[in-house]
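So you can see what is in the structure, the chains are spelled out below.
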Amino acid sequence: MTRLGGPDDAAALATIHAAAFPSPWGESAFATLLSQAGVSAILASAPTLAGFVLTRAVIDEAEILTLAVLPAVRQRGIGHALMREALRRMGATHIGRCFLEVAADNVAALALYRQLGFETTATRTGYYQSRAGVPDAIVMEKRLA
Ligand SMILES: CC(C)(COP(=O)(O)OP(=O)(O)OC[C@H]1O[C@@H](n2cnc3c(N)ncnc32)[C@H](O)[C@@H]1OP(=O)(O)O)[C@@H](O)C(=O)NCCC(=O)NCCS
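Residues numbered from 1 in each chain as written. Predicted model: local features only at pLDDT ≥ 70, side-chain atom pairs only at ≥ 80, totals over all residues.

Quick notes on the pairing of strand β3 (residues 49-58)
And step 1. Pairing geometry for strand β2 (residues 39-45) and β3, over 7 bridges, is antiparallel. Bridge pairing links alanine 44 to glycine 51 in β3.
And step 2. Linkage of β2 to β3, two consecutive antiparallel strands, is achieved through a turn of 3 residues.
And step 3. The pairing of β3 with strand β4 (residues 61-69) spans 8 bridges and is classified as antiparallel. By the bridge assignment for β4, threonine 55 is matched with isoleucine 64.
And step 4. The antiparallel pairing of β3 with β4 creates a hairpin that spans 2 residues between the two strands, and isoleucine 59 there sits at a positive phi of about 55°. (Pairing = 2+ DSSP bridges. Helix = DSSP H or I, 4+ residues; strand = E, 2+ residues; numbered from the N terminus.)

Rendered as structure tokens:
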């Protein structure tokens, strides 16, 4: 159900991202990211491509750069499976800490991250300037065994 992605997946990731976010990242942005050291994509199929998570590892820390599931296949466990696989891969290496930022009004993502054991470490007030209501960013962290 999940597999590692690469630069050849940039167009597919951009398509999914555009379906999930109001300010999507383009194919070239994904191609650039996927060519960088430490950046990994995990893709989920159900059975066609349904979502992905993009992570960046730097020394012993990792960051969730973005996570997206196509609207038509949400609430079927795909986001959870992608995050579990990303955390499993981090835990299998030397990564000791994973962090992320999420908009304070993103109920679904906040619930998912809390379910996975992420805890809030900071709030960035009015962080998402391009979004209606200018929501705060919640910074979350999970320590890996
Ligand atoms: C956030 C997102 C990735 C979740 O993907 P998903 O495949 O629908 O999530 P799952 O089905 O695996 O759900 C896992 C958990 O997330 C939470 N969740 C998911 N959708 C939810 C919703 N609409 N409302 C509340 N909680 C929700 C629940 O805790 C759920 O666990 P449960 O099924 O035991 O209740 C998806 O909604 C998405 O792509 N959103 C747009 C992009 C985005 O916001 N990305 C995150 C940016 S930080």
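Now that the structure is up, let's keep going.
Considering the sheet that holds β2
And step 1. Read from one edge to the other, the open sheet built from 7 strands follows the order β1-β2-β3-β4-β5-β7-β6, with strand pairing classed as mixed. Only two strands of the sheet have a single partner each, and these edge strands are β1 (2-4) and β6 (119-124). Sheet twist, expressed as the mean angle between neighbouring strand axes with direction ignored, is 25°.
And step 2. As paired strands, strand β5 (residues 97-103) and strand β7 (residues 137-143) are joined by 7 bridges and run antiparallel to one another. By the bridge assignment, phenylalanine 99 is partnered in β7 with glutamate 141. (Axes fitted to C-alpha atoms, helices over the stretch in contact; angles between N-to-C directions.)

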